[in-house]
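# Inside the fold
So you can see what is in the structure, the chains are spelled out below.
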Amino acid sequence: MNGNDSVTATVLGGGGRPWRTTAMGLTHMLVLPQGFTLAIAGSLAICLGRHGYPGPLGVWLFVVGASAGYCLQVLALGALRPTVSQPVGIVGLALLNVTAVGVVPLVTLAGWWVPNGDLAYFVTGLAVHLTYIPLMATAIVVLAHRPQLDSAVSP
């Protein structure tokens, strides 16, 4: 068997769909949660290293900050309006989602100087959302492959 042979996903009930196609579909589904998980985990790990285990209050404040950051993004972007088509497709180099590589240092800068550990956890949770969504949206806009432009240029 070489790399060009199609392997079927019969174990997962793929109905004969090639393994590579299935794996490619999974990368498309996981691109946003994968980057966000890395951003959250990295930011939280640095906050833990800086301020130690926060205890129940700090954990709760992290969740409150993260929830507030997400809600601020929803409201600021007008995402409550039903005019946004779902889902947003991510193609091209944007699939290489390395957004967390930029988010973690920015979030670290936001919370590093906060002397109170509980407040630092709140700031960390808040900052992850306030940086990840805009940076990922920028990456998608800048790096996404635009098929309509390619077809217009092709002979």
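Residues numbered from 1 in each chain as written. Predicted model: local features only at pLDDT ≥ 70, side-chain atom pairs only at ≥ 80, totals over all residues. Heavy atoms only, no water.

A full pass over the atoms with the stated rule returns one aromatic pair. With 5.2 Å between their ring centres and 70° between their planes, Phe36 and Tyr132 make a pair best called edge-to-face. Here Phe36 is found in helix α1 (residues 19-51), whereas its partner Tyr132 is found in helix α4 (residues 117-143), with 96 residues between them in sequence. Since its relative accessible area comes to 24%, Phe36 is described here as partly exposed. Assessed through its relative accessible area of 4%, Tyr132 is described here as buried. Lying over the aromatic face of Trp112, Arg50 brings its terminal NZ or CZ to 4.2 Å of the ring centre. (Phe/Tyr/Trp six-rings, centres within 6.5 Å; stacked < 30°, edge-to-face > 60°. Helix = DSSP H or I, 4+ residues; strand = E, 2+ residues; numbered from the N terminus. Buried < 20%, exposed > 50% of the residue type's maximum accessible area, 1.4 Å probe, protein only. Lys NZ or Arg CZ within 6 Å of the ring centre and 35° of its normal.)

Moving on: helix α3 (residues 99-112). Relative to the 20 Å expected for 14 residues at 1.5 Å per residue, α3 spans 20 Å between its end C-alpha atoms, a close match to the ideal helical length. Every buried residue of α3 is accounted for by Thr99, Ala100, Val103, Val104, Val107, Thr108 and Gly111. In a view along the axis of α3, the buried residues occupy a sector of 150°, so they form one face of it. Set apart from the buried face of α3 by more than 90 degrees, the exposed residues are Val101 and Leu109. Looking at the buried positions of α3, the neighbouring elements they touch are α1 and α4. (Expected span 1.5 Å × (residues − 1). Arc of directions from axis to C-beta. Contact = heavy atoms within 4.5 Å.)

Core analysis: the biggest nonpolar cluster contains 20 residues, and Ala39, Ile90, Val103, Val107, Val128, Tyr132 and Ile140 have the highest contact counts within it. The set of elements that each furnish at least two residues to this core consists of α1, α3 and α4. Counting residues per element, this core draws most heavily on α4, which supplies eight residues. (Core = buried A, V, L, I, M, F, W, Y, C linked by side-chain atoms within 4.5 Å.)

For the rest of this paragraph, the subject is a nonpolar patch on the surface. A surface patch of nonpolar side chains, about 600 Å² in accessible area, is lined by Ile46, Leu106, Leu109, Trp112, Trp113 and Leu135. Ranked by the residues each element gives to the nonpolar patch, the list is headed by α3, at three residues. Within the secondary structure, Leu135 sits in helix α4. Note on Leu135: relative accessible area 34%, which makes it partly exposed. (Patch = residues over 30% accessible without salt bridge, like charges linked within 9 Å, V, L, I, M, F, W, Y side chains within 5 Å. Areas by Shrake-Rupley, 256 points an atom, 1.4 Å probe, with all protein chains shown as cover. Salt bridge = Lys/Arg side-chain N within 4 Å of Asp/Glu carboxyl O.)

Below, the discussion takes up empty space enclosed by the protein. Applying the stated rule across the entire model yields one cavity of 30 Å³ or more. In this model, the largest cavity occupies a volume close to 60 Å³. Considering the residues around the largest cavity, the lining is formed by Ser43, Ile46, Cys47, Arg50, His51, Val107, Thr108, Gly111, Trp112 and Thr124. Looking at the lining of the largest cavity, the elements that each hand over two or more residues are α1 and α3. Counting residues per element, the lining of the largest cavity draws most heavily on α1, at five residues. In terms of residue class, the lining of the largest cavity is made up of four nonpolar, five polar and one charged. (1 Å grid on protein atoms, 1.4 Å probe; cavity = no way out; pocket = protein on both sides within 12 Å on 5 of 7 lines; lining within 4 Å. Points joined across faces, edges and corners; volume = space filled by probe spheres on them. Nonpolar A, V, L, I, M, F, W, Y, C, P; charged D, E, K, R; others polar.)

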